[in-house]
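Each chain is listed here by its residues.
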Amino acid sequence: IVFVSLWVSISHCFGGWLSYHKPEFKGKVIDAETKEPIEGAVVVVVYKKHSLISGPGGGYTSVLKVKETLTDKNGEFYFPAYTTVIQPNSREDYAEFIIYKHGYDHFPSQGTILSGLGLDSIQTFFSKETGSEGELEVMVKGGNFKMVKVAFGIVELPPLTTWEERNKANMISPTDDKKQWPLLHEMIEKEEEWLRKNKGWKR
């Protein structure tokens, strides 16, 4: 009853606005070599909307909400379902994911099966029971698609073994607004500090 009353109130206040909903997202981050969980990796989900504006440029996609968390000692993370309202000239768009721990390549990264997942497939990948198996469509070389077997929610981050590898894989801050991405910015700054101090390092 409380939920119904609240939704009626929202609908009344935002008459004509549209509902935006994404399911809960969860997963587990592990070391690609040892298969051990990675604690303290930053996981970001970026909820996006598409504005339907007519004109020469057409509509455009923009960030609606950003949420961050850190993986726990088991390498696991969780985001509850997200529901809000958006303007009537907009529609729900995809959710984008970034996973990063200094010393490792980030997700999504090139050269892995998961890098070929489409936007809808990525959402499915993180909304199923973690570790359960199934198939998703991925893009392979040549722009072709095929169904591949995946363990939903399991992300393997390759450890980087040389300074050159870490420098090449170092993420560029996605925005100058550190208030919107504080955990990711902090992780990127840690890696940049390490790179400054350890040039020439090899594991």
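Since we're looking at a predicted model, the values are computed, not measured.

Parameters and conventions
- Residues numbered from 1 in each chain as written.
- Predicted model: local features only at pLDDT ≥ 70, side-chain atom pairs only at ≥ 80, totals over all residues.
- Heavy atoms only, no water.
- Pairing = 2+ DSSP bridges.
- Helix = DSSP H or I, 4+ residues; strand = E, 2+ residues; numbered from the N terminus.
- Axes fitted to C-alpha atoms, helices over the stretch in contact; angles between N-to-C directions.
- Salt bridge = Lys/Arg side-chain N within 4 Å of Asp/Glu carboxyl O.
- Buried < 20%, exposed > 50% of the residue type's maximum accessible area, 1.4 Å probe, protein only.
- Expected span 1.5 Å × (residues − 1).
- Contact = heavy atoms within 4.5 Å.
- pLDDT = per-residue confidence, 0-100.

Trainee: Before we go on, may I ask you to explain the sheet that holds strand 3 (residues 42-51) in this structure?
Mentor: Picture the strands of a sheet paired through backbone hydrogen bonds; they go either parallel or antiparallel. An order of 4-3-7 is seen for the 3 strands of this open sheet, with the pairing classed as antiparallel. Both edges of this open sheet fall to strand 4 (60-70) and strand 7 (90-100), since each of them pairs with a single strand only. Put simply, the sheet's adjacent strands are angled 20 degrees from each other on average, direction ignored. The pairing of strand 3 with strand 7 spans 9 bridges and is antiparallel. Across the sheet, Lys49 pairs through a bridge with Glu92, a residue of strand 7.

Trainee: It is not clear to me how the pattern of salt bridges should be interpreted in this structure. Could you clarify?
Mentor: Any two side chains of opposite charge can pair, on the condition that their charged atoms come close. According to the stated counting rule, one finds 7 salt bridges in the structure shown. Across the salt bridge formed by Lys26 and Glu24, the nearest N and O atoms sit 3.5 Å from each other.

Trainee: Even after reading the chapter, I still don't get the pairing of strand 3, so can you show me in this structure?
Mentor: Along any regular strand the residues' side chains alternate between the sheet's two faces. The buried fraction of strand 3 amounts to 10 of the 10 residues, a majority that puts the element mostly inside the structure. Side chains of strand 3 alternate between two faces, with Val42, Val44, Val46, Lys48 and His50 and Val43, Val45, Tyr47, Lys49 and Ser51 buried alike. Here strand 3 pairs with strand 4 via 10 bridges, running antiparallel. Bridging from a neighbouring strand, Val44 pairs with Glu68 of strand 4.

Trainee: Sorry if this is basic, but what is going on with helix 4 (residues 182-197) here?
Mentor: The α-helix winds at 3.6 residues per turn, so residues separated by three or four positions along the chain end up facing the same way. The end-to-end C-alpha distance of helix 4, which contains 16 residues, comes to 23 Å, matching closely the 22 Å that a straight helix rising 1.5 Å per residue would cover. When helix 4 is considered as a whole, its buried residues turn out to be Leu184, His185, Met187, Ile188, Glu191, Trp194 and Leu195. Looking at the buried side of helix 4, the elements it contacts are strand 3, strand 4, strand 7 and helix 3 (163-169).

Trainee: I tried to follow unusual backbone geometry on my own but got confused; where do I start?
Mentor: Peptide bonds are, in most cases, trans, and in most cases residues other than glycine have a negative phi. At the junction of Phe107 and Pro108, the peptide bond is cis and its omega measures out at -5 degrees in the coordinates. In this structure, Pro108 sits in the loop between strand 7 and helix 2 (119-127). Phi at Lys35 takes a positive value of approximately 65 degrees, unusual for a residue other than glycine. Inspection of the secondary structure puts Lys35 in the loop between strand 2 (25-31) and strand 3. Relative accessible area serves as the criterion here: at 45%, Lys35 is assigned to the partly exposed category.

Trainee: Before we go on, may I ask you to explain the sheet that holds strand 5 (residues 76-79) in this structure?
Mentor: Within the open sheet, the 3 strands sit side by side as 5-2-10. Their pairing is mixed. Edge strands, defined here as strands with exactly one partner in the open sheet, are strand 5 and strand 10 (154-157). Across the sheet, the mean angle separating the axes of adjacent strands is 25 degrees when strand polarity is ignored. On top of the sheet, helix 2 reaches strand 2, strand 5 and strand 10; it is set at about 85 degrees to strand 2, its chief contact.

Trainee: Please clarify how the environment of Lys35 should be interpreted in this entry.
Mentor: In this structure the C-alpha to C-alpha distance between Lys35 and Leu157, which are 122 residues apart in sequence, comes to 9.4 Å. With residues near it in sequence (within four places) discarded, Lys35 still touches Ile30 and Glu156.

Trainee: Where do I start with the confidence of the model for the protein chain in this structure?
Mentor: It should be kept in mind that the predicted coordinates are not to be read in detail where pLDDT is low. When the pLDDT values of the protein chain are averaged, the result is 83; 84% of them are 70 or greater. Confidence, read as mean pLDDT per element, is least for helix 1 (residues 2-13) in the protein chain (44) and greatest for strand 5 (98). In this model, residues 1-16 is a region of pLDDT below 50 whose contacts with residues beyond four sequence positions or in other chains number 5 contacts.

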